[in-house]
Amino acid sequence: MRVLLVEDDDRVASFVRRGLVEEGFSVDLSRDGPDAFHQVLHESYDVMVLDILIPLMDGFEVLEEIRRQGCRVPVLILSAKDGVEDRIRGLNEGADDYLVKPFNFAELTARIRALLRRRSDIEQSCVRVGDLEVDLAARKVTRSGKRIGLTPKEFSLLEYFARNHGTVVTRTMIAEHVWDQHFDSFTNVIDVYVRYLRLKIDDAFPTKLIHTVRGVGYVLSQDAP
């Protein structure tokens, strides 16, 4: 999933970005308010992690303005401002969650995943497509009851397919949400990872779930397009 991290402290930004990438997220970084405002309105993000004390335009102003523009991306405020009045203001301005620094990284990722589940209107943490089950919270995959082991990047790709199951996703969409936004979607890396997934998800089973839509992209579905 694609995250916009808004943080001007180099040490914190590097730590959070590196950790989220290791967890399978694609992360873009913004270091000031106007840039964050522009990026979130003109790019497609699944969640925004927003610091309050950023240059030129503080996080509260960014949040207020993007909500005024109708942007509904889930926002998690990550800030050293720990006063009750700050948390109330953030939530009243339209934040979906508020986490105070210093923070536990595992809690941050858990809160981000909770926002993603909420946004996807998934009442439970498990997505089912035929006999395939993808547990988004536990990051476990089974098919016909058999546990399937995936690398972090393979799981990220399958998670994106699962959240959009039944919908054709293009290579550009995959590149933006599973890899970095500047990833060259014309390389064969996406096709290579789809092949890895098929080896683990489809090859041992009579019903194939990952389908190629020629000239467009891929779809995860019980039925061939």
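See above for the structure.
Residues numbered from 1 in each chain as written. Predicted model: local features only at pLDDT ≥ 70, side-chain atom pairs only at ≥ 80, totals over all residues. Heavy atoms only, no water.

Participant: Teacher, can you tell me more about the overall build of the protein here?
Facilitator: Within the protein, the regular secondary structure consists of eight helices and 12 strands. Its C-alpha atoms give the protein a radius of gyration of 18 Å, near enough to 17 Å, the size a compact globule of 225 residues would have. Considering only C-alpha atoms, the protein reaches an extent of 55 × 35 × 30 Å along its principal axes. The buried share among the 225 residues of the protein stands at 48%. Here the analysis covers contacts within the protein between residues at least 6 apart in sequence; of these, 55% occur between residues at least 24 apart. (Helix = DSSP H or I, 4+ residues; strand = E, 2+ residues; numbered from the N terminus. Rg over C-alpha atoms; globule rule 2.2 N^0.38 Å. Buried < 20%, exposed > 50% of the residue type's maximum accessible area, 1.4 Å probe, protein only. Contact = heavy atoms within 4.5 Å.)

Participant: I'm lost on helix H8 (residues 189-201) in this one. Help?
Facilitator: Each turn of an α-helix holds 3.6 residues, which means side chains three or four residues apart point in the same direction. When the terminal C-alpha atoms of H8 are compared, their 18 Å separation across 13 residues agrees well with the 18 Å that a helix rising 1.5 Å per residue should span. For H8, the complete set of buried residues consists of Ile190, Val192, Val194, Leu197 and Ile201. (Expected span 1.5 Å × (residues − 1).)

Participant: Just to check I follow, could you spell out the environment of isoleucine 210 for this structure?
Facilitator: Mapped onto the secondary structure, isoleucine 210 falls in strand E11 (residues 210-213). Sequence spacing of isoleucine 210 and valine 73 is 137 residues, and the spatial spacing of their C-alpha atoms is 28 Å. Other than its neighbours up to four places away in sequence, isoleucine 210 contacts Phe161, Val194, Leu197, Arg198, Ile201, Asp202, Val219 and Leu220.

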